[in-house]
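One letter stands for each residue in the lines below.
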Amino acid sequence: MLYFTRWKATAIILTAFVVCLFAVPNFLPDRWVQSWPKWAQRHVVLGLDLQGGSHILLEVDSNAVRKEKLEQTRDDVRRVLRDARVGYTGLVVRGNSVEVRIREGSNFDQALAKLRELSQPLGGILSTTGQRNLDVTTEQGNLVRLTLTDPAIVERVRQSVEQSINIVERRVNELGTVEPLIQRQGADRILVQVPGLQDPTRLKEILGKTAKLDFRMVDSSVPAEQALQGRIPSEDDLLYSSSQPKTPYLIEKRVLVSGGDLTDAQPGFDQRTSEPIVTFRFNTSGARKFAQATQENVGKPFAIVLDNEVISAPVIREPILGGSGQISGSFTVQSANDLALLLRAGALPAPLTIIEERTVGPGLGQDSIAKGKISSYVGAVMVIVFMLATYGLFGLFANIAVAINVAMIFGVLSLLNATLTLPGIAGIVLTVGIAVDSNVLIYERIREEVRGGRTPINAIDAGFSRALATILDSNITTFIAAAVLFYIGTGPVRGFAVTLGIGIITTVFTAFTLTRLIVAYWVRWRRPQRVPI
Amino acid sequence: MRLLRIVPDDTKFDFMRFRRISFPVSALMSILAISLYFFHGLNFGIDFKGGTLIEVQSQAPTADLAKMRAALNGLGLGEIQLQQFGAPNDVLIRIAEQPGGEAAQQQAVAKVRGALGNEVNYRRVEVVGPRVSGELLSYGVVGLGLAIICILIYLWFRFEWQFALGAMIANVHDIVLTIGFMSITQIDFDLTSIAALLTILGYSLNDTVVIYDRIREMLRRYKKMATPDLLNASVNQTLSRSVITHVTVSLALLALLLFGGQAIHSFTATMMFGVVLVGTYTSVFIASPILIYLGVGRGGDALTRTSEKS
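Rules of the game
- For every chain, the first residue of the written sequence is number 1, and numbering continues from 1 along that sequence.
- Here every chain gets a letter starting at A, and every ligand a number starting at 1, in the order they are written.
- Reporting in this predicted model follows two pLDDT cut-offs: at least 70 for local features of residues, and 80 or more for side-chain atom pairs to be given and counted; totals over whole chains, interfaces and linings ignore these cut-offs and use all residues.
- A run of DSSP states H or I qualifies as a helix once it reaches four residues; a run of E qualifies as a strand once it reaches two. Both are numbered from the N-terminal end.
- Our radius of gyration is a C-alpha quantity, and the globule rule it is checked against amounts to 2.2 Å times the number of residues to the power 0.38.
- Partly exposed residues are those whose C-beta has more than 12 but fewer than 20 other C-beta atoms within 10 Å; 20 or more makes a residue buried and 12 or fewer makes it exposed, with C-beta atoms placed from the backbone.
- Here the contact rule is simple: place C-beta atoms from the backbone, and any two residues whose C-beta atoms are within 7 Å are in contact.
- For this classification, the nonpolar set comprises Ala, Val, Leu, Ile, Met, Phe, Trp, Tyr, Cys and Pro, the charged set comprises Asp, Glu, Lys and Arg, and every other residue, Gly included, is treated as polar.
- For two strands to be treated as a pair, DSSP must find no fewer than two bridges joining them.
- Only C-alpha atoms enter the line fits that serve as axes; for helices the fit covers just the stretch in contact. Angles between N-to-C directions range over 0 to 180 degrees.
- In this description, one arc is meant: the one made by directions from the helix axis to the C-beta atoms.
- Comment on the angle field: the value is read as roughly parallel under 35 degrees, roughly antiparallel over 145, roughly perpendicular from 65 to 115, and oblique elsewhere.
- Two helices crossing with the near one rotated counterclockwise from the far one by less than a right angle form a left-handed crossing, whereas a clockwise rotation gives a right-handed crossing.

Some points on the overall build of chain B
Part 1 of the reasoning: Across its full length, chain B carries 11 helices and 6 strands.
Part 2 of the reasoning: A globule of 310 residues ought to have a C-alpha radius of gyration of about 19 Å, yet chain B, at 24 Å, is considerably larger.
Part 3 of the reasoning: Across its three principal axes, chain B shows a C-alpha extent of roughly 75 × 50 × 30 Å.
Part 4 of the reasoning: Taking all 310 residues of chain B together, the buried fraction comes to 48%.
Part 5 of the reasoning: Across chain B, every contact between residues at least 6 apart in sequence was considered, and the portion connecting residues at least 24 apart equals 79%.

Brief notes about the interface of chain B and chain A
Part 1 of the reasoning: In this assembly, 60 residues from chain B lie in contact with 57 residues from chain A.
Part 2 of the reasoning: If you list the elements that add at least two residues to the side of chain B that touches chain A, you get helix 4 (101–116), strand 5 (120–128), helix 5 (130–158), helix 7 (191–221) and helix 8 (227–259) of chain B.
Part 3 of the reasoning: Its residues assigned to classes, the side of chain B that touches chain A comprises 35 nonpolar, 15 polar and 10 charged.
Part 4 of the reasoning: Where strand 17 (residues 352–360) of chain A and strand 5 of chain B come together, 5 bridges link them in antiparallel fashion. Across the sheet, Thr359 of chain A pairs through a bridge with Val125 of chain B, a residue of strand 5 of chain B.

So, the pairing of strand 6 (residues 143–148) of chain A
Residues and elements named next belong to chain A.
Part 1 of the reasoning: Where burial is concerned, the two faces of strand 6 differ: the one with Val144, Leu146 and Leu148 is buried and the one with Leu143, Arg145 and Thr147 is not.
Part 2 of the reasoning: One ladder, built from 5 bridges, connects strand 4 (residues 97–102) with strand 6; its direction is antiparallel. Bridge pairing in strand 6 places Val100 opposite Val144.
Part 3 of the reasoning: As paired strands, strand 5 (residues 134–139) and strand 6 are joined by 6 bridges and run antiparallel to one another. If you follow Thr138 over to strand 6, its bridge partner there is Val144.

Structural notes on the environment of Asp207 of chain B
Residues and elements named next belong to chain B.
Part 1 of the reasoning: Topologically, Asp207 is positioned in helix 7.
Part 2 of the reasoning: Taking the number of C-beta atoms within 10 Å as the measure of exposure, Asp207 has 27 and is therefore buried.
Part 3 of the reasoning: C-alpha of Asp207 to C-alpha of Thr280: the two residues are 73 residues apart in sequence and 7.2 Å apart in space.
Part 4 of the reasoning: Not counting the four nearest positions on each side in its chain, Asp207 is found in contact with Ser242, Gly279, Thr280 and Ser283.

Some thoughts on the sheet that holds strand 3 (residues 80–85) of chain B
Part 1 of the reasoning: Pairing is antiparallel across the open sheet formed by 8 strands, whose spatial order is 7(A)-8(A)-2(A)-17(A)-5(B)-2(B)-4(B)-3(B). Both edges of this open sheet fall to strand 7 (181–185) of chain A together with strand 3 of chain B, since each of them pairs with a single strand only. Each strand of the sheet is rotated relative to its neighbour by a mean of 20°, with strand direction disregarded.
Part 2 of the reasoning: Here 6 bridges tie strand 3 of chain B to strand 4 (residues 87–95) of chain B, and the two strands are oriented antiparallel to one another. Bridged to Gln83 of chain B within strand 4 of chain B is Leu92 of chain B.

Digging into helix 7 (residues 201–208) of chain A
Part 1 of the reasoning: Leu203, Lys204 and Leu207 of chain A are the residues of helix 7 of chain A that are buried. What you see down the axis of helix 7 of chain A is that its buried residues fit within an arc of 95°, all on one side.
Part 2 of the reasoning: Turning to helix 7 of chain A, the residues buried within the fold contact strand 2 (53–60), helix 6 (150–174), strand 8 (189–195) and strand 17 of chain A together with helix 4 of chain B.

Description of the environment of Ile502 of chain A
Residue and element names in this part refer to chain A.
Part 1 of the reasoning: Summarising the element assignment, Ile502 is placed in helix 15 (residues 491–526).
Part 2 of the reasoning: Spatially, the C-alpha atom of Ile502 lies 49 Å from that of Asn96, the residues being 406 residues apart in sequence.
Part 3 of the reasoning: Residues within four places of Ile502 in sequence aside, it is in contact with Ile409, Val412 and Leu413.

Regarding the packing of helix 11 (residues 362–391) of chain A against helix 12 (residues 393–415) of chain A
All names here are of chain A.
Part 1 of the reasoning: Relative to each other, helix 11 and helix 12 sit at 145°, their axes nearing to 6 Å. For the pair helix 11 and helix 12, contact is made by Ile384, Met387, Leu388, Thr390 and Tyr391 and by Phe394, Gly395, Leu396, Ala398 and Asn399, respectively.
Part 2 of the reasoning: Partitioned by chemical class, the residues of the contact of helix 11 with helix 12 number 7 nonpolar, 3 polar and no charged.

Comments concerning the packing of helix 11 of chain A against helix 8 of chain B
Part 1 of the reasoning: Direction vectors running N to C along helix 11 of chain A and helix 8 of chain B enclose 155°, while the axes themselves pass 8 Å from each other. As judged from the angle between their axes, helix 11 of chain A and helix 8 of chain B are roughly antiparallel. Seen from above, helix 11 of chain A lies across helix 8 of chain B with right-handed handedness. The residues of helix 8 of chain B that touch helix 11 of chain A, namely those facing Lys371, Ile374, Ser375, Val378, Gly379, Met382, Val383, Phe386 and Thr390 of chain A, are Ile244, Val247, Thr248, Leu251, Ala252, Ala255, Leu256 and Phe259 of chain B.

So, in C-alpha cells, the structure goes:
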C-alpha cells in the first residue's frame, strides 16, 4: 500500500496538478484570461442566485395549438369541398374533431375520397410509424368526422417549441442582454435565463406577446355597433382597438398580407406630428400583395391587427406600391421600440405562458457570495485547527490533501463550465467534511492497528488498505444520493448535486492516491519508530 | 504535543443493552413525528404550493411592515404574509397561489410592484405556477424514494439483505424524524428541503456503512462471538471515528449556519438536526442493534455466506 512506482507517483501528482490548474482562470482578472486559447479559458459560471438575473420558464399553450390546428382543418375542409363543388352544411369544430354534413344529392363517395386526402401520414411520406394526422370516420346521415390524433398534436407542439426557441432567441438578443441561455425543457417548455437582468417586466412583456401581425380590410357594410348587438357576419371578426377607449371594429377574416412577409421594422418618428411610429418593409411577394390590395380598395379603411387587437385602422388614400409603410397608433417611444423588435423577430406559432419565474437582484447575489465566502473560510479554519489538534503532523497531511481536493473541485467545475450556486457552495463545504472523514477513517484505522501491536510501517500499511474499502463503500452511497439529486433537481438544487458529486469523486481520488503518496514519502524519509497519531 | 483524544482508546460502552431504551424511544418519536406531519403539517413553500415570494429591501433603515401590509391588503390578492427576514429593512412577502391559472400569478406580481412602487428594492422575485408546483412535488417525492431504493440495491449487493434492511429502517427513521423537526419548526419545506433530506440520507448511510463494514469484518474474524458482543465491539471500535467525523461536519455546518445568511438558513438548520443529531444516533443505537433481530451472525445465512466468500 505504501509502495509507489516512480511513473505511478508522477502520474498521480501530474493529474492532481493539471486538474488544479484548470481552476486558475477563476482567480485571474478577465482581461488576462481573454488572450488565452479557448480551451484554457473555461471557468466556473456563477448561478443566477449569485450573480443576479432572471429565470423564466415558458410553456407552449398546447390548447391554442390544438385550436389552431382544428380551425385550419375546418378551413381545409371548406376549401376541398368548394373546389370539388360538393354541397355541405353544418361545418363545425366539435371537441377534438371537425364535422361536416354532405348535402343530399351530392356525390358522397367523391367528397369522402377528397376529404380522406387531408389525412396525411405523420413525419412526411417517409414515415414508417403508420400514424396519421387525422382520423376520418363517417356516420349515418352523410356526416363526416375528421378527428385530430394525439400524435399529430404532440408533433405540432414539438414543432411549435422549435420555432418558438428561435424567435425567443431573436427577441431576447434584441434586448441587448449578456449571455442569455435559451433551451428547450421537456416536451413543451422553453427555459430562458438572463444573467444580470434586474427587472424582468419588459422581458416578460416581450416574451408574452405572440406578435401575430395581419393587414386586413375593415368591413364597413355593417356598423360595428350594430354587429355588437346582432349577429356578426360569418366572414368577419369583431375586434377591439388596442388603445383606450376600446373601440369595436368589424374586420374581415381574410388576411391581405401577414407579418411573415415583413423583412424589416424600425421605430421612428412621424415627420409631421413627431409621434413615435413603426416603419416597415415587405418582401417582394408581400409588397405585390399589398400593392394589389391597396389599389383595389382606395378610399376604404383597412386595419393593422396585432394579436387580435386593432392597432390602427387608416383609410387607404392612394395605392401603396413601394412595399414599405408605417404604423402609427398612439405609441410611446418604448412601445414603438418593442413593436418593431417583435416584428423583426417574427410571430410565435402559439402563445407562450410563463409558468415559473425566479429573479434575483444583483444586491442579493453579492450578499450571497460574500456570505458564502465567509462561511467557507470560517468552516475551513475550524476544521483545519481541529484536525491539527487531533492528529498533529498527520492532521497537516490531511489538511494539505483537503486543500488540494477543494482546488480540484474548482478545476473540474471549470472544466465542465459548471454553474456554481449558493447551495453549491454549501455542497463544497460539506465535501470538506466528507474529505476530512476519509482521512479520519484512515488514521483511526492506523491507531487501531498500532494498538493491535503492529510495527509502525505495518500499521500504516494495514490502516490504509482496510480503510480504503470502507471509504469506497460509504462514498458510493452518498454519490447515489447526489446523482438522484442531480437527476430530479433544477437550478440551485442541481448546483448542489454537482458540487457534492464532483466532491465525492475528488475525495475518493485524493484518499486513494495523494494522501497515501504523502504518507508514503514521509515514511520513506523518516523511517518512523512510532506513529505520531 | 499532546494530541486530542475525544474518545478514549478502550471504550467499552454497552450500546446493545441500550436498545431496550432506544427502540421504544425511537418508535415513540417516529409516531410523534408522523402525527405532527398529519395534524400540524409542513409549511410548504411556493415550490410545492405554487404562489409568489418577493424579497424586498426598503430604502428606509427599518421597514414599515404595517404600512406595507396596508398597501398590499388592498389589492385583493387573498392572504398575504409579510415577514422580517434578516436585516431590519428586509421583508419577505408571500402571496398564495391566485385562482385563474398561470397568467393570474404574473398579474399578482405586477400589482405588488405597482403598490410598493419605488420605495423598495426588489431583491428576489419567485413565481411558481400551479403546473410547475405539482410537478416539483412529485419529482421530490419520487427522487427521495428512488434514492432510497438505489442505495438499498447497492447495499444488498455489497452486504447481505439483513444489512440492507437494517439500513433502510434506519433511513426511514431519519427521514421521518427530520420531517417531524420541519413540522415543529415550520421551516419552509421546498426544493432545498428535499436536497437537505437527501444529503441527510447520504450522510447517515455513510455512517451506517462504516459501522456495518466493521461488523462484517468482525463476523469473518470471530465466528464464535455472541452477536450482541460482536456488534458492541464493532460500534466501540468505530466510535472514535464517528465522533471525530461528526465534530468536523458540525464545524462546517456551524459555519454555514452562523455566516451563510438567510438564504440557506433553513437548509443548514435541517442538516444540523438530521446529520448531527439524528444520523449519528441512528447508526449507533438503531442501525447496529437492529441486526440482532434481523439474525446476523447467528449461524444464519449471512455468516455462512460471508465466510464462504472470504
